[in-house]
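Below, each chain spelled out in residue letters.
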Amino acid sequence: MRKNEQAKVILHEDCGPGYRLLVLDAPQVAADARPGQFVHVKVPALEASALRRPFSIFNAEDGRLEILYKAVGRGTFALNGVRPGETVEVLGPLGRGFPETCRGTPLLVGGGYGVAPLYFLARRLLQTPKLPNPQTPKLFLGGRTKTDLLALDRFAALGVEVFAATNDGSFGTKGFAVVPLDAELARLRAAGADFELFTCGPDGLLKAVSERAVSLGAPGWISVDRHMVCGVGACYACIQRTVTGNARCCVDGPVFKAEELAW
Amino acid sequence: MVKMDVNLGGLRMPTPVATASGTFGYGTEYVGLVDYAKLGAVTAKGIRLDPWPGNPMPRHAEVVGGLVNAIGLQGTGVEAFLSKTLPAYRTVSKVPLIANIWGGSVEEYAAVAARLGDRVEAIEMNVSCPNVKAGGHTFGQDPNVLFEVVAAVRKATARPLLVKLAPNVPSIVPYVKACEDAGADALSLINTIPAMVIDIERRVPVLANRTGGLSGRGVHPVAVKLVYDAHRATKLPILAMGGVYEAKDAIELLLAGATAVAVGTATFTDPGVVAAVHDGIVAYCERHGFASVSDLTGNLQG
Ligand SMILES: Cc1cc2nc3c(=O)[nH]c(=O)nc-3n(C[C@H](O)[C@H](O)[C@H](O)COP(=O)(O)OP(=O)(O)OC[C@H]3O[C@@H](n4cnc5c(N)ncnc54)[C@H](O)[C@@H]3O)c2cc1C
Ligand SMILES: Cc1cc2nc3c(=O)[nH]c(=O)nc-3n(C[C@H](O)[C@H](O)[C@H](O)COP(=O)(O)O)c2cc1C
Ligand code: FES
């Protein structure tokens, strides 16, 4: 059940230039959170009538809710000023998330802050006990430069193998995350192994991953980022085109199946 | 105990607080987040004869004091509304439902109203949407055209009929008269105000539709003025909306002449606004010794 919860800030720390980790004590929202879902946050320092800002659930564990975000504008810069002990209002969990099961190897593909929902997903996939062929997820992570590759330590702690790519070549492969992804896809197909694709990031990445999922006939789970107002399906601001017409990213998504999307 | 129920042109509202069209989906989206017991009516998102895709993205821009939107009236057609959306609403809510309708022609307005029959508690005509070139704009900008379309819908429905007027007119009075003459039961005021936002770095309009409609906190004094003008010109009851964020805002609109108020954009930020407005009106009536919320309507001293 979605709740509008007054959550106390436990921790708010830098994680690279422009990025912050916000940890909230939000037992009600955290209890029902699933990977790929998001929360709609009221930013305390903005005027009381300001719209909320949507953020993926980076992690939900033991009543804590973690958000990994990048300061890009008025709201996110204002959010930077929130201190431990202060209260933030969070509405969630919202939207349709990723499936928590996978046939074969889960291939997670993230770009920039799009890595956020993939960590929670990786954790849950590893916890799901009774899969036919349980496989450790692999992460393909892209960013402009080394410092845009977030949460590498957290994935390492889960035992997830990370294939990094940076546009400037400062870490991992030079280029986009699909470069190491394509190499892995070729390996898996040569071995006749099953896999599913899970992705979140900029539209260019989402398109590239969707195309691969559709052309290879593998399930592709695509998390789309659209400007939102209400976050609950009431305003029709957050439209994503699909093969069956306009869908609302906040309730019909943010996670869509690759073959549903019309770009 | 303050008497909170009101009669809005034949629509019996258990409380004077409604939701504004386009800000509350089809009435089911906020279940569990908004306290429906505090609502006197739910106004559904605009519908026409056939489904309508709306505008391209981006459809909104936040500004200080409000929101500029160009959703473009994306909505279900009347058939899907009757077969799916409305039954879904009835399973979760006993609050009276106002259908908000629009169309590309006088005939279409009348056909939608006729098709709705007595399945909804009231009909609100959107003749003032600034977003759709073929739609609302023209009907709400000419008193003669307005008369024609309201008269046609009047013939098509026996339900309480509200007409939602455009705020961007030199004087609201001729439009109020046209509604009265055409047989409307009530007025809704105000719709969004035409507006535009420009991204100065990219030197392009922020909205894909280039322009949109302003709602939210900043439009509230405009709404108060128009409700005041309209109330002085007519005996028709008024459902007032425009920047209601707290009870004080709603009480201003009631004192200006409204019979009931609607909460719109505020709910996006805080789904608790509906209940806070309701409870704040009760507290105000108690504090000032009003036995009934209707005592507030147009009750300006001087
Ligand atoms: C489902 C979902 C999950 C997201 N998860 C994360 C996350 O985990 N970490 C993270 O850093 N960011 C995430 N975002 C993006 C984040 O919501 C925006 O960066 C943020 O809203 C920008 O607000 P602002 O006031 O700083 O920017 P401004 O540009 O000043 O915002 C103005 C308006 O546009 C909206 N807006 C601007 N950019 C975006 C955007 N990219 N997406 C949606 N709305 C936008 C704002 O909400 C606001 O209403 C997510 C977005 C969505 C839709
Ligand atoms: C996103 C959005 C969608 C709207 N859609 C409609 C609509 O379909 N029909 C209509 O008559 N008014 C529509 N409106 C106008 C509102 O019902 C209301 O008149 C206006 O927003 C002023 O009230 P507010 O400031 O409380 O939001 C819409 C407003 C917003 C913000
Ligand atoms: S943000 Fe309002 S419908 Fe999605």
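### Things to note about the sheet that holds strand β2 (residues 19-25) of chain A
Residues and elements named next belong to chain A. Spatially, the 7 strands line up as an open sheet ordered β4-β3-β7-β1-β2-β6-β5, and their pairing is antiparallel. Across the chains shown, the open sheet's two edge strands, defined by having one partner strand only, are β4 (53-56) and β5 (59-61). Strand-to-strand twist across the sheet, computed as the mean angle between neighbouring axes with direction ignored, equals 35°. Two elements, strand β3 (residues 38-42) and β4, share 4 bridges in a ladder whose sense is antiparallel. Bridge pairing in β4 places Val-41 opposite Arg-53.

### Structural notes on the domain arrangement of chain A
The accessible area lost on association of the parts is a frequent measure of interface size. Residues and elements named next belong to chain A. Entries for chain A in the domain assignment read domain 1 (3-94) and domain 2 (105-260). Of note, the centres of domain 1 and domain 2, computed from C-alpha atoms alone, are 22 Å apart. Contacts between domain 1 and domain 2 engage 21 residues on the former and 21 residues on the latter. At the level of elements, β3, β4, β5, β6 (64-70) and β7 (87-94) are the ones that each hand at least two residues to the side of domain 1 that touches domain 2.

### A short note on helix α5 (residues 173-182) of chain B
Residue and element names in this part refer to chain B. Tyr-175, Val-176, Ala-178 and Cys-179 are the residues of α5 that are buried. All buried residues of α5 project into a common sector of 160° when viewed along the axis, lining one side. In this fold, the buried residues of α5 make contact with α4 (143-156), β9 (161-164), β10 (186-189) and α6 (220-233). Residue Gly-183 follows α5 closely and has a positive phi angle near 95°.

### As for the packing of α4(B) against α5(B)
Residues and elements named next belong to chain B. Where α4 contacts α5, the two axes come as close as 8 Å, and the packing angle between them is 30°. With respect to their mutual orientation, α4 and α5 come out roughly parallel. The interaxial crossing formed by α4 with α5 has right-handed handedness. Of the residues in α5, those touching α4 at Pro-143, Leu-146, Phe-147, Val-150, Ala-151 and Arg-154 are Pro-174, Tyr-175, Ala-178, Cys-179, Asp-181 and Ala-182.

### So, the site of ligand 1
Taken together, 22 residues lie around ligand 1, and A:Ser56, A:Tyr69, A:Gly73, A:Gly75 and A:Thr76 are the ones closest in. Two or more chains meet at ligand 1, and those chains are chains A and B. For the shell around ligand 1, the secondary-structure elements that each account for two or more residues are β4, β6 and α2 (74-79) of chain A. Ranked by residue count, the leading element in the shell around ligand 1 is β4(A), at 4 residues.

### Some details on the interface of chain B and chain A
Of the residues lining the interface, 26 residues belong to chain B; the matching set on chain A comes to 22 residues. Of all the secondary structure elements, the ones that give two or more residues to the side of chain B that touches chain A are β5 (60-63), β6 (66-69) and α8 (266-269) of chain B. Among the elements that make up the side of chain B that touches chain A, the one with the highest residue count is α8(B) (3 residues). Of the residues belonging to the side of chain B that touches chain A, the class tally is 13 nonpolar, 9 polar and 4 charged.

### Concerning the nonpolar core
Within the largest apolar cluster, 182 residues are counted, with the highest numbers of intra-cluster contacts made by A:Leu65, B:Leu187, B:Val227, B:Leu239 and B:Val261. Ranked by residues supplied to this core, first place goes to helix α3 (residues 116-127) of chain A with 7 residues. Viewed by domain, this core spans two of them, domain 1 (3-94) and domain 2 (105-260) of chain A, each represented by three or more residues. Once residues lying within four places of it in the same chain are set aside, the contact partners of B:Val227 are B:Leu189, B:Ile238, B:Ala240, B:Leu253, B:Ala256, B:Gly257 and B:Ala258.

What counts as what
Numbering of residues starts from 1 in every chain and runs along the sequence as written. Numbering of ligands from 1 and lettering of chains from A proceed in the order in which they are written. In keeping with the predicted nature of the model, local features appear solely for residues at pLDDT of at least 70, side-chain atom pairs appear and are counted solely at 80 or more, and the whole-chain, interface and lining totals rest on all residues. When DSSP finds at least two bridges between two strands, those strands are taken to pair. Only DSSP runs of H or I covering at least 4 residues are called helices, and only runs of E covering at least 2 are called strands; the numbering of each starts at the N terminus. Helix axes use the C-alpha atoms of the stretch in contact, all axes being lines fitted to C-alpha atoms, and the angles between their N-to-C directions lie in the range 0 to 180 degrees. Each domain span listed reflects an automatic or database assignment of domains. By definition, residues are in contact whenever their C-beta atoms, placed on the basis of the backbone, come within 7 Å of each other. Whether a residue is buried, exposed or partly exposed is read from the other C-beta atoms within 10 Å of its own C-beta, which are placed from the backbone; 20 or more gives buried, 12 or fewer gives exposed, and intermediate counts give partly exposed. Arc, as used here, means the arc of the directions from the helix axis to the C-beta atoms. In these notes the angle categories are as follows: under 35 degrees is roughly parallel, over 145 is roughly antiparallel, 65 to 115 is roughly perpendicular, and the rest is oblique. In a left-handed crossing the near helix is turned counterclockwise from the far helix by less than a right angle, and in a right-handed crossing that turn is clockwise. The rule is simple: place the C-beta atom from the backbone, and if it lies within 6 Å of a molecule or strand, the residue is near it. Under the scheme applied here, ten amino acids are nonpolar (Ala, Val, Leu, Ile, Met, Phe, Trp, Tyr, Cys and Pro), four are charged (Asp, Glu, Lys and Arg), and all others, including Gly, are polar. Joined through C-beta atoms within 7 Å, a set of buried Ala, Val, Leu, Ile, Met, Phe, Trp, Tyr and Cys residues constitutes a nonpolar core.

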